[in-house]
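# Examining the three-dimensional arrangement
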Amino acid sequence: MRLSELAYETISPDPQIDGLTADSRAVSRGFLFAALEGVKSDGADFIPQAEENGAAAILARPGVRSTLPVIEDPEPRRRLAQMAARFYPRQPEVVAGITGTNGKTSTARFAAQLWTLLGYEAGSMGTLGAQSRVYERPLAHTTPEPVTLHETLDAMARAGVTHLAMEASSHALAQHRPDAVNFRVAAFTNITQDHLDYHASFDDYFAAKGRLFSQLLTTSGTAAINMDGEGAQGVVEIARARNLPTIQTGVKGRDVKLLSCKPHLGGLALEIECNGYVYRADPPLIGAFQAENALLAAGIVIAAGAKPYDVMLQLDNLEGAPGRMEYITEVWGGGVYVDYAHTPDAVATALAAIRAHAPGKVIAIIGAGGDRDRTKRPLMGEAAAKYADTVIVADDNPRTEDPAAIRAELMKGCPDAKNIGDRAEAIATGVAMLSEGDVLLILGKGHEAGQQVGDEIFPFDDASVARDAASDRMKELG
Ligand SMILES: CC(=O)N[C@H]1[C@@H](OP(=O)(O)OP(=O)(O)OC[C@H]2O[C@@H](n3ccc(=O)[nH]c3=O)[C@H](O)[C@@H]2O)O[C@H](CO)[C@@H](O)[C@@H]1O[C@H](C)C(=O)N[C@@H](C)C(=O)N[C@H](CCC(=O)O)C(=O)O
Ligand SMILES: Nc1ncnc2c1ncn2[C@@H]1O[C@H](COP(=O)(O)OP(=O)(O)OP(=O)(O)O)[C@@H](O)[C@H]1O
Ligand SMILES: N[C@H](CCC[C@H](N)C(=O)O)C(=O)O
Ligand SMILES: [Mg+2]
């Protein structure tokens, strides 16, 4: 493709472009290099390296110099997204974007499952990677940077995926990563505190999420909104200002209304009103909050054109996402579960929810990642102290921070907690406390397969460590 076709402007000379990237280290001969200002460095400083690696053109903010043809744009991130979408032009026919602090991954998986059950070739993209029956790819980000994003969308569409549910993280929305995706549906789970290390204020955080509805959702699109989620009203207002139809779900929902939710040992007994009819469903999902995500997923699928009746009949068949309230093993009549709660609201929600599935004590392991929002740590500790009978504070991806200091910040909210940095030891300690009817809920890492210390990632999987600890404990008990 010529630079002029990629950039949609007349330019001379007009070189052939064979690829594009925002990382000078990934530049090959014939590539366009997008020089972007980041948090740590300025991509413009790497133009000489890109030139040396054989770049054919540069995209940069006005005033940046190079010996190569330069496409100047005051919003180079958005322009890169548009170029990536031209370079990798295919997208699944229906793409639903899902934003919110908690529940994106679960909702994306549920929507993809519902579409698949209805006979569509469907997929999901997000924290668990790009997944579908016909195409899979691991991803480093929940919402990848635009080149990887459009390469993946293109590959999925070529493989036959027609319906895709993808997570849109607030970082991605603030950085215009998904700006060139054709969103037919935009969905909102909730907004509570997270990522205040990156967004200057809570209002900024909401504004980033709001972009999905105010700017990225197409004018013929529909907003699906979990009305029980914090912040839902703000999203309804954005949709109203654009005259966009909404599908409102949840107890407070108008279109897919939750009449009752009764958690039992193996799942959730739901009563739902939709389109004038009442439906009963009993999906094997743990945690009443999963009903919000399941109904929002139903709202997405209905917004994309499926018949409400067909969708409602499939809710029984939903399966939880890996690492989200996932049952792992049993010890002495007590259950061990793994969950991905890493915000104050998620810790509170997950622990409150597990009670309904646990007649005995609730033991929680919590941790908080390094190089992330520090102000959420004591609040996570407080939530754990409030909703669990016993709390153990353990390490969770300390990254470049001092793990003991992170734990001390968590402990401010739960001073009576046990402080056990080593995560395997913390899990073994939790397992040893279990008796009949109790639950150990290991929070924060969910599906993750590693513990990041400094720049190194050591293999670590909560589920398999818990299984080993449980089998050791059972041997010990004879
Ligand atoms: C805060 C954030 O989102 N940072 C992302 C951002 O980094 P940055 O702006 O700091 O980049 P930088 O290091 O300053 O570099 C600026 C530019 O120079 C380029 N560069 C840099 C060095 C070099 O030698 N050559 C070069 O060209 C970089 O590629 C970049 O384009 O751009 C980088 C390149 O695309 C990303 O890898 C990086 O993600 C970091 C690693 C990250 O951890 N991001 C997380 C917080 C994130 O995005 N998370 C959300 C989900 C969060 C959630 O919902 O829970 C996600 O969608 O995954
Ligand atoms: N609707 C909800 N309301 C409150 N908490 C929820 C909800 N759904 C999920 N959670 C909690 O949030 C955790 C993360 O869920 P999930 O992975 O689906 O969210 P996410 O938004 O994709 O998170 P991330 O931003 O890390 O990708 C769950 O493990 C659970 O503890
Ligand atoms: N997407 C989230 C994941 C957090 C998971 C937790 N295990 C941590 O490392 O903080 C983030 O990057 O903030
Ligand atoms: Mg996610």
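Cut-offs used in this document
Residues numbered from 1 in each chain as written. Chains lettered and ligands numbered in written order. Predicted model: local features only at pLDDT ≥ 70, side-chain atom pairs only at ≥ 80, totals over all residues. UniProt positions renumbered as here; feature names shortened; annotations may be inferred. Pairing = 2+ DSSP bridges. Helix = DSSP H or I, 4+ residues; strand = E, 2+ residues; numbered from the N terminus. Axes fitted to C-alpha atoms, helices over the stretch in contact; angles between N-to-C directions. Near = placed C-beta within 6 Å. Nonpolar A, V, L, I, M, F, W, Y, C, P; charged D, E, K, R; others polar. Contact = placed C-beta atoms within 7 Å. Buried ≥ 20, exposed ≤ 12 C-beta atoms within 10 Å, placed from the backbone. Core = buried A, V, L, I, M, F, W, Y, C linked by C-beta atoms within 7 Å. Domains from an automatic or database assignment.

- Named according to an unreviewed UniProt entry, the chain is UDP-N-acetylmuramoyl-L-alanyl-D-glutamate--2,6-diaminopimelate ligase originating from Hyphococcus luteus.
- Regarding the chain, the UniProt comment filed under Sequence similarities (unreviewed entry) reads as follows: "Belongs to the MurCDEF family. MurE subfamily."
- Within the UniProt record for the chain, the comment given under Catalytic activity (unreviewed entry) is "UDP-N-acetyl-alpha-D-muramoyl-L-alanyl-D-glutamate + meso-2,6-diaminopimelate + ATP = UDP-N-acetyl-alpha-D-muramoyl-L-alanyl-gamma-D-glutamyl-meso-2,6-diaminopimelate + ADP + phosphate + H(+)".

## Some remarks on the sheet that holds strand β12 (residues 256-264)
- Spatially, the 10 strands line up as an open sheet ordered β7-β6-β8-β5-β9-β10-β11-β12-β13-β14, and their pairing is mixed. Lying at the two open borders of the sheet, with one neighbouring strand each, are β7 (129-132) and β14 (277-281). Pairs of neighbouring strands in the sheet enclose a mean axial angle of 15°, with direction left out of account.
- Across 4 bridges, strand β6 (residues 122-126) lies against strand β8 (residues 163-167) in parallel orientation. Counterpart to Met125 in the pairing with β8 is Met166.

## Focus on the site of ligand 3
- Taken together, Thr142, His342, Gly369, Arg372, Asp396, Asn397, Gly444, Lys445 and Glu448 are the residues near ligand 3.
- Of the residues contributing to the shell around ligand 3, the split by class is no nonpolar, 5 polar and 4 charged.

## Remarks on the sheet that holds strand β4 (residues 70-72)
- Pairing is parallel across the open sheet formed by 4 strands, whose spatial order is β1-β2-β3-β4. At either margin of the open sheet sits one strand with a lone partner, and together these are β1 (19-21) and β4. Ignoring strand direction, the axes of neighbouring strands in this sheet form an average angle of 20°.
- Pairing between strand β2 (residues 31-34) and strand β3 (residues 57-60): 3 bridges, direction parallel. Bridging from a neighbouring strand, Leu32 pairs with Ala57 of β3.
- Running over the sheet, helix α3 (residues 76-87) touches β1, β2 and β3 and is turned about 135° from β3.

## Quick notes on the environment of Thr99
- Looking at the element boundaries, Thr99 is found in strand β5 (residues 94-99).
- Residue classification places Thr99 among the buried residues on the basis of 28 C-beta atoms within 10 Å.
- Separated by 211 residues in the primary sequence, Thr99 and Asp310 have C-alpha atoms spaced 25 Å apart.
- With residues up to four places along the chain from it excluded, the contact list for Thr99 reads Lys104, Ala168, Leu173, Phe188, Lys209 and Leu212.

## A word on the nonpolar core
- By size, the foremost hydrophobic cluster in this structure holds 154 residues, and its most contacted members are Ile300 and Ala384.
- Tallying contributions element by element places helix α9 (residues 289-303) first for this core, with 11 residues.
- Discounting chain neighbours no more than four positions away, the residues touching Ile300 are Ala96, Ala111, Ala165, Val185, Ala187 and Ala224.

## What to know about the domain arrangement of the chain
- Its domain assignment divides the chain into domain 1 (3-75), domain 2 (88-317) and domain 3 (326-476).
- Just the C-alpha atoms count here: the centres of domain 1 and domain 3 sit 45 Å apart.

## Points about the site of ligand 1
- The local shell around ligand 1 holds 19 residues, among which Gly38, Val39, Lys40, His141 and Ser169 are the closest.
- Split by residue class, the shell around ligand 1 holds 6 nonpolar, 9 polar and 4 charged.
- Viewed by domain, the shell around ligand 1 spans two of them, domain 1 (3-75) and domain 2 (88-317), each represented by three or more residues.

## Things to note about unusual backbone geometry
- Of the consecutive residues Ser12 and Pro13, the connecting peptide bond is found in the cis state with omega at -5°.
- Structurally, Pro13 is set in the loop between α1 (3-7) and β1.
- In this structure, His195 is a non-glycine residue whose phi angle is positive, near 60°.
- Along the chain, the position of His195 falls in the loop between β9 (183-188) and α7 (202-216).
- Residue His195 is classed as partly exposed on the basis of its 19 C-beta neighbours within 10 Å.
- Its identity as a non-glycine residue notwithstanding, Met325 has a phi of 45°, on the positive side.
- Exposure remark for Met325: the 23 C-beta atoms within 10 Å place this residue in the buried category.

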